[in-house]
Amino acid sequence: MGTITLGKVSKSFGATVIIPEIDLKIEDGEFVVFVGPSGCGKSTLLRLIAGLEDTSGGTITIDGRDVTGEAPARRKLAMVFQSYALYPHMTVRNNIAFPLKMAGEEKPVIERKVTEAARVLNLTDYLDRRPGQLSGGQRQRVAIGRAIVRQPSAFLFDEPLSNLDAALRGTMRLEISELHQQLGTTMIYVTHDQVEAMTMADKIVVLNAGRIEQVGSPMDLYRKPRNLFVAGFIGSPKMNLIMGPEAAKRGADTIGIRPEHLGISTSAGDWQGKVGVAEHLGSDTFVHVHTEGLGTLNVRTDGEMAVKHGDTVFLTPDPSKVHRFAADGRAL
Amino acid sequence: MARAVSTRTKIGFSIAAWLIALLIFFPILYTIITSIKTEAEAIAGFDLIPSVTFENYVEVQTQRDYFKPFMNSVIVSVGSTLLGCLVAIPAAWSMAFAPTKRTKDILMWMLSTKMMPAAAVLVPIYLLFRDSGLLDSRIGLTVMLMLINLPIMVWMLYTYFREIPVEILEAARMDGASLWNEIVYVLTPMAVPGIASTALLNIILAWNEAFWTIRLTTTDAAPLTAFIASFSSPQGLFWAKLSAASTLAIAPILIMGWFSQRQLVRGLTFGAVK
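Right, let's walk through the structure included here. (Residues numbered from 1 in each chain as written. Chains lettered and ligands numbered in written order. Predicted model: local features only at pLDDT ≥ 70, side-chain atom pairs only at ≥ 80, totals over all residues.)

## Quick notes on the overall build of chain A
When helices and strands are tallied, chain A shows nine helices and 18 strands. For chain A, the C-alpha atoms occupy an extent of roughly 75 × 45 × 30 Å along the three principal directions. Relative to its 332 residues, chain A shows a buried fraction of 39%. Considering only contacts in chain A between residues 6 or more positions apart, those separated by 24 or more positions represent 63%. (Helix = DSSP H or I, 4+ residues; strand = E, 2+ residues; numbered from the N terminus. Buried ≥ 20, exposed ≤ 12 C-beta atoms within 10 Å, placed from the backbone. Contact = placed C-beta atoms within 7 Å.)

## Structural notes on the nonpolar core
Ranked by size, the top nonpolar core spans 136 residues in total, and within it V33, L156 and I188 of chain A together with L157 of chain B carry the most contacts. Counting residues per element, this core draws most heavily on helix α7 (residues 138-162) of chain B, which supplies twelve residues. Built from parts of two domains, this core gets at least three residues from each of domain 1 (4-231) and domain 2 (238-325) of chain A. When near neighbours in sequence (up to four residues on either side) are disregarded, L157 of chain B contacts A88, I89, A92, G194, I195 and T198 of chain B. (Core = buried A, V, L, I, M, F, W, Y, C linked by C-beta atoms within 7 Å. Domains from an automatic or database assignment.)

## Quick word on the sheet that holds strand β17 (residues 312-317) of chain A
Residue and element names in this part refer to chain A. Within the open sheet, the five strands sit side by side as β13-β17-β14-β15-β16. Their pairing is antiparallel. The open sheet is flanked by β13 (262-265) and β16 (295-302), the only strands paired with a single partner. Mean inter-strand twist for the sheet, computed between neighbouring axes without regard to direction, equals 40 degrees. Here four bridges tie strand β14 (residues 271-280) to β17, and the two strands are oriented antiparallel to one another. Each residue of the ladder has a partner; that of Q272, found in β17, is F314. (Pairing = 2+ DSSP bridges. Axes fitted to C-alpha atoms, helices over the stretch in contact; angles between N-to-C directions.)

## Remarks on the packing of helix α4 (residues 67-97) of chain B against α7 of chain B
All names here are of chain B. Taken N-terminus to C-terminus, the directions of α4 and α7 make an angle of 40 degrees; their axes are 6 Å apart at the nearest point. As far as their axial angle goes, α7 and α4 are oblique. Here the hand of the crossing between α4 and α7 comes out right-handed. (Parallel < 35°, antiparallel > 145°, perpendicular 65-115°, else oblique. Left-handed = near helix turned anticlockwise from the far one by under 90°.)

## Details of the interface of chain B and chain A
Each partner contributes to the interface: chain B provides 14 residues, whereas chain A provides 18 residues. Of all the secondary structure elements, the ones that give two or more residues to the side of chain B that touches chain A are α8 (166-174) and α9 (179-208) of chain B. Here the element with the most residues in the side of chain B that touches chain A is α8 of chain B; it accounts for six residues. Of the residues belonging to the side of chain B that touches chain A, the class tally is eight nonpolar, two polar and four charged. (Nonpolar A, V, L, I, M, F, W, Y, C, P; charged D, E, K, R; others polar.)

## Things to note about helix α6 (residues 122-131) of chain B
Side chains of residues three or four places apart in an α-helix project in the same direction, reflecting 3.6 residues per turn. Of all ten residues in α6 of chain B, one are buried, a share of ten percent or less. Where α6 of chain B ends, the next residue or the one after it, G133 of chain B, has phi of about 70 degrees, a positive value.

In structure tokens form, the structure reads like this:
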């Protein structure tokens, strides 16, 4: 079981308020991603749940039990750190066995569980090595191994992939998602990378300056961002935001159109512009179009689109996909 | 990008390094050379070729017992180091892992006590020692040497502990380790090299300390520094014997330093390079 509830949880360091007051419920077995720009308080929130930071107010309950004042070890949570935080003087075997040893498990039980974890994570051949002799991806797997042997009620991941190169990040992303499917345990995952958030999460919590901007499934957030912040943060490339007469025409202060919802043509359309840069990715083409009055707009179109710098193009927004926002940033 | 270094530059640097090393080592070398000269040769002036005699060593040992000051040196330097570790490790620990607003100030204040000339506190310390009956006692000297080297020990250990990532300690906490287990299984094994180099340096500093050891001891607790000093006064200056006594006094620490040089250099430069 791993239902985690935050009730009016707040955190301040002296006079600086990091997290004002947060209410959040994480259901058992859910994969929840905390996402937001750096300094938004997402890591602090995770550390509050872990018990590595004390709350300034509010309560944290795990499976109905109030753990607000409890030590990290008693919360039955496991954490994977950004820096892996492996014990450098211990072998992989001893690193994975450490939480079991601390729990006072019998030696044969430890041996069995370590072997099993190593098998699942493809670490069997590396059990007698030290962390210093492993690659980044292997280290991250050891950190995950150390977390799974305890059979915790929830896993906490603090930007676990940001020290890996792009290719490895993709692989590890899949491995963590698969692990979640296999174990069915609650996972809370902190990242600033919205691609990780979109691809892995059952539920995304978008944070900004310590406040929750929106909670929802990845597609909810993509389709119906509650405000300008979420609209700008979720989706890659970013949503185009247009102010002025074009927005006023649609009864809004600002309108947003995702790059994939802008039609592009060389002959006719609503808005005229000149191509600044065309990025040909093969499958897609990202076109940066400089327009008069609307600024630079990004368009995502098919890979065969043959446009180049200096070409005149016409853009047409898909009317059903135009997001409208009020002056205070709320979606209309 | 690595800078390309020509062989000629390398040779030049090597020669320069050897010359500087020789310059630094020369006083010790000359002491050893002088210790195997006759008294007449020693007084005659600068000469690098001795007649190789060991009579000075024999005489030094017959005139004074070498073993007693040697044992005093061992007890006082090792004792002050152990005592220092007992105080400095928890101090550096709390400063590194649970710092407060004043931690930096306290560290600076501790260091500033090393800037004070020792002579400035000679009289009060001497009187304190006299009144508490600690003059010429191993315990008194051990405490004194511990106290004067404590700032350096705390600073070195603090720098060392700071290099241990807090996340590793947090991971241990998440893994269910109690504070005791965290210290025994995670912190101490990671800090052992740092503690070892701090202890080594402290032994050397305590062994070589001369200001307080000479002034606070006479016979019972006198270490090797006082042993050397005793050859310079009563019968006038006998350079060869003085050199023999000095050689005997520095030999143990020189040998220890030689064997532990890697550990020492690592300790002194730790934290300088990521």
